[in-house]
There are 2 protein chains.
Amino acid sequence: MNAKTKATSSVEFAKALADPTRQEIMILICCREMSVGDIVEAVDVSQPTVSHHLAILRDAGLVRVRNEGKHTFYSLNQGKVVVCCGNLIEVFAPQSEVTEMITDTSALEK
Amino acid sequence: MNAKTKATSSVEFAKALADPTRQEIMILICCREMSVGDIVEAVDVSQPTVSHHLAILRDAGLVRVRNEGKHTFYSLNQGKVVVCCGNLIEVFAPQSEVTEMITDTSALEK
DNA sequence: CATTCACATCGACAACCTTCGATATAACTC
DNA sequence: GAGTTATATCGAAGGTTGTCGATGTGAATG
């Protein structure tokens, strides 16, 4: 387990994903950095609402944040998603083949 | 994809997991069948509340239900958990090694 | 067939969440 | 330093969710 990355509980992880707007934002920043303004333009909610959702994703450790002058760039932490999903599978599907795979190998360690 | 199993959206899946009582129930019935009464005894909420949570898990396709006389037995659908988590990883971590694994092989098909 | 048992459903209430407009903050610009 | 731009925070409104007691329902039981 990486010490830098705060451990996110399964409930907190699920709550962070439990909103369509948040999932939409997550897809936008999944594979690239985006400024808050760019995200606001891409989704159909106000700027404060986008900031609010980004704060929730930040608190869950699901996004990386980088400040550059006036702009703040967000990007999704894909590794965190993998780790949290791995936790879910370990806890709620301990008898599945996938669980054997992810507990045997250290595929989720990074 | 199994035609019997209704496709659960990632938002619906996340919402189903986004409550500690529900996750507690999911762990209880993860690897065994339990009647509603047994679940009520094991958790610290009322019987109507347990029924309510079971209904949400049922609507999300996350539990199997079996009636036997007066009793109703619930058990977790581990395969569904694996499939839904696989979907999350594919969508939100497309560049991870795990995504290559689960898209290359058909490990999630059952 | 009246009673009991197991569970689901209903109605109400409180807590929480999403959303917005308004405002604060912090950084560039002229 | 006054103005502008980008983002965060605040406060309120409205919707959703979790919880409970009360009640409905359907199956076993005597």
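For the structure itself, consult the block above.
Residues numbered from 1 in each chain as written. Chains lettered and ligands numbered in written order. Predicted model: local features only at pLDDT ≥ 70, side-chain atom pairs only at ≥ 80, totals over all residues. Heavy atoms only, no water.

K.L.:
Before we move on, could you go through the environment of Arg 22 of chain B and cite the residues and values that matter?
P.N.:
Residues and elements named next belong to chain B. As for its position among the elements, Arg 22 is in helix 2 (residues 20–28). Here the alpha-carbon distance between Arg 22 and Val 50, two residues 28 residues apart in the chain, equals 8.5 Å. The contacts of Arg 22, once residues within four sequence positions are left out, are Lys 15, Ala 16, His 53, Ile 56 and Leu 57. (Helix = DSSP H or I, 4+ residues; strand = E, 2+ residues; numbered from the N terminus. Contact = heavy atoms within 4.5 Å.)

K.L.:
Could you give an account of the protein's contact with DNA strand D, naming the residues involved and the relevant values?
P.N.:
Near DNA strand D you find 23 residues, and of these Gly 37, Ser 51 and Tyr 74 of chain A together with Thr 49 and His 53 of chain B are the closest. The sugar and phosphate moieties of DNA strand D supply 70% of its atoms located within 4 Å of the protein. Taking Tyr 74 of chain A, its side chain carries an N or O atom lying 2.6 Å from a phosphate oxygen of DNA strand D. For DNA strand D, a phosphate oxygen lies 2.4 Å from a polar atom in the side chain of His 53 of chain B. Listing elements by their share of the surface near DNA strand D, those giving two or more residues are helix 3 (36–42), helix 4 (47–59) and strand 3 (71–76) of chain A together with helix 2 and helix 4 (47–59) of chain B. Residue contributions to the surface near DNA strand D peak at five residues, all from helix 4 of chain B. Here the surface near DNA strand D is built from residues that sort into six nonpolar, twelve polar and five charged. (Near = heavy atom within 4 Å. Polar contact = N/O pair within 3.5 Å; in protein donor to acceptor, adjacent residues only side chain to side chain. Nonpolar A, V, L, I, M, F, W, Y, C, P; charged D, E, K, R; others polar.)

K.L.:
Got a sec to walk through the sheet that holds strand 2 (residues 63–68) of chain A? Specific residues and values, please.
P.N.:
All names here are of chain A. Judged by pairing direction, the sheet is antiparallel, and its three strands sit side by side in the order 1-3-2 without closing on themselves. Either end of the sheet is taken by a strand with one partner, and the two such strands are strand 1 (34–35) and strand 2. Bridge count between strand 1 and strand 3: two bridges; the pairing is antiparallel. Counted as the bridge partner of Met 34 is Tyr 74 from strand 3. (Pairing = 2+ DSSP bridges.)

K.L.:
Before we move on, could you go through the protein's contact with DNA strand C and cite the residues and values that matter?
P.N.:
Near DNA strand C you find 22 residues, and of these Thr 49 and His 53 of chain A together with Gly 37, Ser 51 and Tyr 74 of chain B are the closest. What you see for DNA strand C is that sugar and phosphate hold 72% of its atoms within 4 Å of the protein. One of the side-chain N or O atoms of Arg 22 of chain A is found 3.0 Å from a phosphate oxygen in DNA strand C. Mapped by element, the contributors of at least two residues to the surface near DNA strand C are helix 2 (20–28) and helix 4 of chain A together with helix 3 (36–42), helix 4 and strand 3 (71–76) of chain B. The dominant element in the surface near DNA strand C, judged by the number of residues it contributes, is helix 4 of chain A, at five residues. Taken together, the residues of the surface near DNA strand C break down into six nonpolar, twelve polar and four charged.

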